[in-house]
Amino acid sequence: MLNSILLMMQPQEGAEANPLMSFLPLLLIIVVFYFFMIRPQVKRQKETRKFRESLQKGDKVVTTGGIYGKVVKIEETAIQLEVAKDVVIKVDKNGIVKDMSDVQPQK
């Protein structure tokens, strides 16, 4: 089957090569790149943006730097996190990675 496809792609004697066939491998690479690299990244970015917009006071989160904390106050572009008793830090919203409420505690 593959041999017959390759034979059809080769130019016949005396005939010009089809320009579409010369660009076909490049087009296939672009399509594969889109579906395996670009599309999942865009989906992940949408989910992260949706998560950051849905944050509420009391949510447990992790920052990009690995700091675990609980949301105390939400501002327009920043969030105040309580990282220890009476220790509150201000973190940019883009620095919040994920919600830790569904993670099992480690022993």
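Data block above holds the structure.
A.B. asks: Help me understand the pattern of salt bridges in this model?
C.D. replies: Side chains that differ in sign of charge can pair as their charged atoms come close. Tallied over the entire structure, the rule returns 1 salt bridge. With its nearest N and O atoms 3.4 Å apart, the salt bridge here joins Glu75 to Lys90. On the criterion of sequence distance, the pair formed by Glu75 in the loop between strand E2 (68-74) and strand E3 (78-84) and Lys90 in strand E4 (residues 87-92) is long-range, its members being 15 residues apart. With a relative accessible area of 24%, Glu75 lands in the partly exposed category. Judged by its relative accessible area of 58%, Lys90 falls in the exposed class.

A.B. asks: Could you clarify how one ought to interpret the environment of Val61 in this entry?
C.D. replies: On the secondary structure map, Val61 appears in strand E1 (residues 60-63). A C-alpha to C-alpha distance of 6.8 Å links Val61 and Ile96, two positions 35 residues apart in sequence.

A.B. asks: Sorry if this is basic, but what is going on with helix H2 (residues 19-53) here?
C.D. replies: Think of an α-helix as turning once every 3.6 residues; residues three or four places apart then point the same way. The end-to-end C-alpha distance of H2, which contains 35 residues, comes to 48 Å, matching closely the 51 Å that a straight helix rising 1.5 Å per residue would cover. For H2, the principal kink sits at Tyr34 and spans about 40°.

A.B. asks: When you look at the side chain of Thr63 in this model, what are you seeing that I'm missing?
C.D. replies: Residue position: Thr63 is located in strand E1. With a relative accessible area of 5%, Thr63 lands in the buried category. When sequence neighbours within four positions are dropped, the list of residues in contact with Thr63 reads Leu81, Val91, Gly95, Ile96 and Val97.

A.B. asks: When you look at the nonpolar core in this model, what are you seeing that I'm missing?
C.D. replies: Note on soluble globular proteins: their nonpolar side chains tend to be buried together. By size, the foremost hydrophobic cluster in this structure holds 8 residues: Phe51, Leu55, Val61, Val71, Ile79, Leu81, Val91 and Ile96. When residues no more than four places from it in sequence are discounted, the contact partners of Val91 are Thr63, Ala78, Ile79, Leu81 and Ile96.

A.B. asks: Looking at this structure, how should I read the pairing of E4?
C.D. replies: Regular strands have side chains that alternate between both faces of the sheet. For E3 and E4, the ladder comprises 6 bridges, and the chain directions are antiparallel. Along E4, the bridge assignment pairs Ile79 with Val91. Linking E3 back to E4 in an antiparallel pair, the connection comprises 2 residues, with Asp86 at a positive phi of about 60°.

A.B. asks: Any chance you could explain the packing of aromatic side chains here in plain terms?
C.D. replies: How two aromatic rings sit relative to each other is given by the distance of their centres and the angle of their planes. According to the stated counting rule, one finds 1 aromatic pair in the structure shown. The interplanar angle of 80° and the centroid separation of 5.1 Å between the aromatic rings of Tyr34 and Phe35 together place this pair among those described as edge-to-face. Exposure remark for Phe35: the relative accessible area of 46% places this residue in the partly exposed category.

A.B. asks: For this particular structure, what's the right way to read a nonpolar patch on the surface?
C.D. replies: On the surface, Val31, Val32, Phe33, Tyr34, Phe35, Phe36, Met37, Ile38 and Val42 cluster together to form a nonpolar patch covering roughly 880 Å² of accessible area. What makes Val31 partly exposed here is its relative accessible area of 43%.

Cut-offs and rules
- Along each chain, residues carry numbers from 1 onward, in the same order as the chain's sequence is written.
- The model is predicted, so local features are restricted to residues of pLDDT at least 70 and side-chain atom pairs to those at 80 or more, both for listing and for counting; the totals for chains, interfaces and linings are taken over all residues.
- Calculated side-chain values reflect all of the structure's heavy atoms, with hydrogen atoms and water omitted.
- Salt bridges, as used here, are contacts in which a Lys or Arg side-chain nitrogen is within 4 Å of a carboxyl oxygen on Asp or Glu.
- In this description a helix means any DSSP run of H or I spanning at least four residues, a strand means any run of E spanning at least two, and both kinds are numbered starting from the N terminus.
- Only protein chains enter the accessibility calculation, which uses a 1.4 Å probe; a residue whose area is less than 20% of its type maximum is buried, one above 50% is exposed, and one in between is partly exposed.
- Residue count minus one, scaled by 1.5 Å, sets the expected span of a helix.
- By definition, a residue's bend is the angle between the axes fitted to the seven residues ending there and the seven starting there.
- Whether two residues are in contact is decided by their heavy atoms: any pair within 4.5 Å suffices.
- Residue types Ala, Val, Leu, Ile, Met, Phe, Trp, Tyr and Cys, when buried and joined through side-chain atoms within 4.5 Å, form a set referred to as a nonpolar core.
- In short, DSSP must find at least two bridges between two strands for them to pair.
- Only Phe, Tyr and Trp rings take part, Trp by its six-membered ring, and two of them pair if their centres are within 6.5 Å. Stacked means planes under 30 degrees apart, edge-to-face means over 60, and tilted covers everything else.
- The patches reported here contain residues having more than 30% relative accessible area and no salt bridge. Joining distances are 9 Å for like charges and 5 Å for nonpolar side chains (Val, Leu, Ile, Met, Phe, Trp, Tyr).
- Only the protein chains shown count as cover for residues, and all accessible areas are computed by the Shrake-Rupley method using a 1.4 Å probe.

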